[in-house]
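Overview (structure and organization)
Read off the chains here:
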Amino acid sequence: MDSSTRSVGFLVAGEPTTEHRAAREWLADSEEIDATTVRLGDVADGSVDPRRFDACWWHADEPIRGAAWLRRSGVAERIREYVAGGGGLLLSHLAVPTVVDFGFDAIAPDTVVPTTGTVTSGFLAKAAHRDHPVFANTPGLRFVTERPGERTAVARYEQRLPKSGEVLAGNYVEGDDAPYEATVVEWREGDGTVIGVGAHLGFADFGRNPYRSTLSRFATDLLEYLSDRDRRPQPMTAQLRGRDAFRRVRSIVDRDPNRPRYHFCPPANWQNDPSGIVRWNGSYHLFYNHNPAGPYHGTLHGVPNVKGHAVSPDLVRWEDRSIALWPTEGGPDEQGTWTGCIVDDDGTPTFVYTGASGGARYSTGGRQRPCLAVAVDDDLDEWEKRSTPIVEDPPPELDLVSWDWDEEFRDHCVWREGDGDEWFQLIGSGIDGAGGAALLYRSDDLEKWEYCNPILVGDADETGTVWECPELFPVGDRHLLHVSCNSTVYYFLGEFDGRRFRPDRRGRLDYGDFYVPQTLRDEAGRRTAFGWVRSGRDTAAQWNAGWAGSMSIPRVLDVDADGRLTIEPSPAVESLRAERLARRRVDLSSADGSVELDGVSGTTLEVDLEIDPGGASEVELVVRRSPDGEERTPIRYLPGEERLVVDRSNASRSAAVDDGPRSMPVERSDEGALRLRAFLDRSILELFADERRCLTTRVYPTRTDSTGVALSAEGGRATASLTAWRMASIW
């Protein structure tokens, strides 16, 4: 045998099927692989030692019955020892569920069926693994290996995630992405590796398969990778631990030129709601809803959320930590650990979060219930869950809205009022025929809860049908309640008497792509909020980039002497100013046209602008401008309308991004000027106007030279006083 040839043990449990024989024939024709057929019974009685092979491959196209025999016979122990010692194991099609019997994972694929393919199909590789050796010779992230009409078998993760494995690829069906159908998974065991390929690796019709070249190369690369005992471990985003591991995976997705540098983003894959922000032992901890399977939220009852985790000394510089909470098989959160909060229960960090269970994808129904976990360590890395929900059922007297679940009953805000011993909890919901509602509960111990009443019910026409992520807290001598619905965050200012909330002011916390915020008291006692900044580009673009979702910069909420809400960037953000680029006053007029700001350019900037519109009908700050103006994002102040507009119509040449305008009302000072603070971080633009209103949005320029900044005025003369800084990376 040539020294470059890989030896492969082709495992067979019973009589070979047509598919087995076809795969064996493909192996026999390979010049790179020397294969030997091995019956698992011979492994069980010791007749064959798997350690003689560089890799083993079990390819099954029929349901495996009596898989417990693998454990009883000793096959599982021998194969596991083989892998732990550095061996590689490929499990394909209906052999993938044996990862549980072999002991490589606690969770098996939830979709396991023999079938006949009706469409062209293949694999959707994750961008975070674009450098993985198994994709070294595939034609991009999307590649086809199977034609319609082939008898095949499917074993993949859809409603659940593998507990210990890393998803390498989803499904690519008839030219469409199906990322929530996790088809290729990698597991580590000791010094060895297991890869499961749950579909599209069929050989029975190989000679007539127009994609046989891609199929053959992919299968060969799988076996060569598994055969290499000196294989370099690839980053596993679901199991990352330690700074070096996080840096490796971040280095891959950071190739996206529009990935922010001073806003928190996940190491890779999907992030949405902030879901637990707390200061503990001198550090700030941020927990967030996360899908480690890929940069997508999922579909109805699709791949579940877990709790991502990061820690910071100052609310702006973050260090990644391993995933904190996973769904528990058979538990009240088996389909997702959704949004919640963390409180200090007399020295014990306690997580109250939504657990999802009981539904099935492609159908309605299922439960959303409050669940509880307590921290096992002071680093808040490990949590111990309660086995049952802390609220078993919603109030029976309320006719709650039911969309995709039995009722919409989720997202938790928990607190103690003043110095009292009584705990309060708000749960987001909606009352049929009325509108969104924040439901109030009370407790003496965080474990047993008594329903009180809705503290507030909205008007469906004004503030939406279901309120998500309600939060109530004191600001000054008042209380602020914010709720999220239909991509908008509404706030109410008023009085809370311990049972009812009576608002007298209402508004929006942001006028753009900022959603479901959560707050904490910072070290100085300021009420500081983070919100999810949505991506603003389609799912295919997110998949190609390898990540989706960001956090806003921290912003401070307060009330002024007139009882009105104020919103401004946290002072902590100023520590990120790396270099002052300019401090100048600029005279503007329509006759002068656009004024390029020499020395002020880049993609990570803070611009502090004082605008005196004078007689101008329009004053414009342009960012991300290409030299020829093909790509540009104007921030347009219209003093006559008292409105600020972000025009994204020319922000990008890509058709995959949202290019609609964003606007908000503004109020000029008594002197007639407007103060605007703009935070540009590659694709994120956060605007703060006169400490009253915010607008957050996304832009995705495609040109590397779209870095210019300019000012202009129309309809008359105006002046602008500007200070600009280049901002440092938080990583």
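Structural data are supplied above this passage.
This section reports on the structure supplied with the text. Keep in mind the model is a prediction, meaning the values are calculated, not measured.

Parameters at a glance
Residues numbered from 1 in each chain as written. Predicted model: local features only at pLDDT ≥ 70, side-chain atom pairs only at ≥ 80, totals over all residues. Heavy atoms only, no water. Helix = DSSP H or I, 4+ residues; strand = E, 2+ residues; numbered from the N terminus. Rg over C-alpha atoms; globule rule 2.2 N^0.38 Å. Buried < 20%, exposed > 50% of the residue type's maximum accessible area, 1.4 Å probe, protein only. Contact = heavy atoms within 4.5 Å. Areas by Shrake-Rupley, 256 points an atom, 1.4 Å probe, with all protein chains shown as cover. Lys, Arg positive; Asp, Glu negative; His and termini not counted. Charge placed at Lys NZ, Arg CZ, Asp CG, Glu CD. Phe/Tyr/Trp six-rings, centres within 6.5 Å; stacked < 30°, edge-to-face > 60°. Lys NZ or Arg CZ within 6 Å of the ring centre and 35° of its normal. Pairing = 2+ DSSP bridges. Axes fitted to C-alpha atoms, helices over the stretch in contact; angles between N-to-C directions. Arc of directions from axis to C-beta.

1. Some remarks on the overall build of the protein
When helices and strands are counted, the protein shows nine helices and 46 strands. Here the C-alpha atoms of the protein give a radius of gyration of 28 Å, agreeing with the 27 Å that 2.2 N^0.38 yields for 731 residues. By principal-axis analysis of the C-alpha atoms, the protein measures approximately 90 × 65 × 45 Å. Burial statistics for the protein: of 731 residues in total, 62% are counted as buried. A separation threshold of at least 6 residues defines the contact pool for the protein, and within that pool the share at least 24 residues apart is 65%. Of the roughly 26900 Å² that the protein leaves accessible, carbon and sulfur atoms contribute 42%. If you average the places of the 84 positive and of the 120 negative side-chain charges in the protein, the two averages end up 3 Å apart.

2. Notes on the environment of R632
Mapped onto the fold, R632 is located in the loop between β38 (618-625) and β39 (633-638). Sequence separation between R632 and L605 is 27 residues, and the spatial gap between their C-alpha atoms is 15 Å. Once residues within four sequence positions are removed from consideration, R632 is found in contact with E620, V622, V623, R624, R625, D647, N650 and A651.

3. Structural notes on the packing of aromatic side chains
Applying the stated rule across the entire model yields 31 aromatic pairs. Relative to F530, the ring of W318 has its centre 6.1 Å away and its plane inclined at 75 degrees; by these criteria the two rings are edge-to-face. Remark: F530 occurs in strand β30 (residues 527-533) and W318 occurs in the loop between β15 (306-312) and β16 (319-325); sequence separation between them is 212 residues. With relative accessibility at 3%, the residue F530 sits in the buried group. Through successive ring pairs, a cluster of aromatic residues spans F10, W26, W57, F203 and F206. R259 extends its terminal NZ or CZ atom over the ring of W547, reaching a point 5.4 Å from the ring centre. Positioned above the aromatic ring of F514 is the side chain of R555, whose terminal nitrogen or guanidinium carbon lies 4.1 Å from the ring centre.

4. Quick notes on the environment of A23
Structurally, the position occupied by A23 is in helix α1 (residues 18-29). Given the relative accessible area of 0%, A23 is considered buried. Sequence separation of A23 and F10 is 13 residues, and the distance between their C-alpha atoms is 9.3 Å. In this structure A23 touches F10, W57, H59 and F203, once residues within four positions along its chain are discounted.

5. A short note on the environment of V600
Residue position: V600 is located in strand β36 (residues 595-601). In this structure, the C-alpha to C-alpha distance between V600 and P257, residues 343 residues apart in sequence, is 19 Å. Setting aside anything within four residues of it in sequence, one finds V600 in contact with L581, A582, V709 and A724.

6. Side note on the sheet that holds strand β17 (residues 337-345)
Through backbone hydrogen bonds, the strands of a sheet pair up, either in parallel or in antiparallel fashion. The strand order across the open sheet formed by four strands is β17-β18-β19-β20, and the pairing between neighbours is antiparallel. Looking at which strands have only one partner, the edges of the open sheet turn out to be β17 and β20 (383-385). The mean inter-strand angle of the sheet, taken between neighbouring strand axes irrespective of direction, is 30 degrees. The pairing of strand β18 (residues 348-357) with strand β19 (residues 367-375) spans eight bridges and is classified as antiparallel.

7. Focus on unusual backbone geometry
With a phi angle near 65 degrees, H200 is a residue other than glycine that sits in the positive phi range. Tracing the sequence through the fold places H200 in the loop between β12 (192-197) and α6 (212-227). In this structure H200 comes out as buried when scored by relative accessible area, which is 5%.

8. Section: helix α7 (residues 243-253)
Listed as buried for α7 are A245, F246, V249, R250, I252 and V253. Looking down the long axis of α7, one finds its buried residues gathered within 155 degrees of arc, a one-sided arrangement. In α7, the exposed positions that point more than 90 degrees away from the buried face belong to R243, D244 and R247. Buried positions along α7 lie against β16, α9 (539-545) and β31 (547-548).

9. Digging into the pairing of strand β40 (residues 643-646)
For β39 and β40, the ladder comprises four bridges, and the chain directions are antiparallel. Residue pairing across strands places Y637 opposite L644, the latter belonging to β40. As consecutive antiparallel partners, β39 and β40 are separated by four residues, and within that stretch E642 has a phi angle of approximately 50 degrees, a positive value.

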